[in-house]
Amino acid sequence: MIIEIKDVSKVYRLGDQNVRALKHVNLKVGEGRFMAIAGSSGSGKSTLLNIMGCIDTPSKGKVIIDGRDVSGQSPDELAEIRARTIGFVFQTFNLLPVLSAEENVEYPLLQMPEISREERRERVHTYLGIVGLGKYASHRPNQLSGGQRQRVAIARALVTNSRVVLADEPTANLDRTTGAGILDLMQKINVERGTTFVFSTHDRRVMERADTQVRMEDGRILKLGLRRPDETTFKFVFDKSKDKDEAGPEIDPDA
Ligand SMILES: Nc1ncnc2c1ncn2[C@@H]1O[C@H](COP(=O)(O)OP(=O)(O)OP(=O)(O)O)[C@@H](O)[C@H]1O
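Residues numbered from 1 in each chain as written. Predicted model: local features only at pLDDT ≥ 70, side-chain atom pairs only at ≥ 80, totals over all residues.

The next point concerns the overall build of the chain. Counting its regular elements, the chain contains seven helices and eleven strands. For the chain, the C-alpha radius of gyration of 18 Å lies close to 18 Å, the compact-globule estimate for 255 residues. Principal-axis analysis of the C-alpha atoms gives the chain an extent of 55 × 45 × 35 Å. For the chain, the proportion of its 255 residues judged to be buried stands at 39%. Counting contacts in the chain only where the partners sit at least 6 residues apart, residues at least 24 apart contribute 68% of the total. (Helix = DSSP H or I, 4+ residues; strand = E, 2+ residues; numbered from the N terminus. Rg over C-alpha atoms; globule rule 2.2 N^0.38 Å. Buried ≥ 20, exposed ≤ 12 C-beta atoms within 10 Å, placed from the backbone. Contact = placed C-beta atoms within 7 Å.)

Structure, rendered in structure tokens:
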């Protein structure tokens, strides 16, 4: 299991109000999954992804990354786990505007002193090639299209040899065809390299590309559907839409 979320709740304090963004969420993400998290605005998708990626911490419950309980780790230790295991892709690409495509991809490697300059160059070249941007290495983000920017972001997420990429609405700012191209690329990397992907989306067409669908509503997991590569429809192994109990059972897509 690359990520395990155990009975996680998250409460945000907003003025004098408590916002319960996640309520007793249980989820396991097996290595090699291509998982979509869907749900309406405010259902908790980004909060869940941020907690999975150790960008945010739960108010209650446990997060286990690659068998390691990350609760109570210091910010430095969390940064280390993130840097070596998890890559992020955001809806707004989040590239540094003054850096070229290759410098953006190289950036996370500069935090890893054990990686030589030679190896850095090699990896940047390899990953820009994988995302089909070898010829655009010296372009700055504002000289690239939205789809190309997202490809740079994907190369940056992978360059540290991340085992899991967490993508928060990666196609939301792209037109349909470009978004489909980004999904194709993520899927190809998933199949060929075994990288686990977890992405959130509002878009039904994007959801349909996953092998695991998680549907969220009001801070809870409502449904979990699975599909084998040879199947067209999802089999819902967990469906809480009829049962409104607070604490869901452990949801293990690989069980
Ligand atoms: N930093 C914060 N402070 C206060 N409330 C927050 C914070 N972040 C999220 N929330 C609240 O938590 C709930 C879940 O938000 P979240 O962003 O996870 O939803 P989402 O499903 O990703 O929504 P969207 O699809 O609009 O991005 C919402 O009610 C939101 O207003």
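From this point, things continue past the structure.
The next subject is the site of the ligand. Around the ligand, a shell composed of Tyr12, Leu14, Val19, Ala21, Gly39, Ser41, Gly42, Ser43, Gly44, Lys45, Ser46 and Thr47 is seen. Counting residues per element, the ones that place at least two in the shell around the ligand are β1 (3–14), β2 (17–29) and α1 (45–52). For the shell around the ligand, the leading source of residues is α1, giving three residues. Across the shell around the ligand, the residue classes break down as four nonpolar, seven polar and one charged. (Near = placed C-beta within 6 Å. Nonpolar A, V, L, I, M, F, W, Y, C, P; charged D, E, K, R; others polar.)

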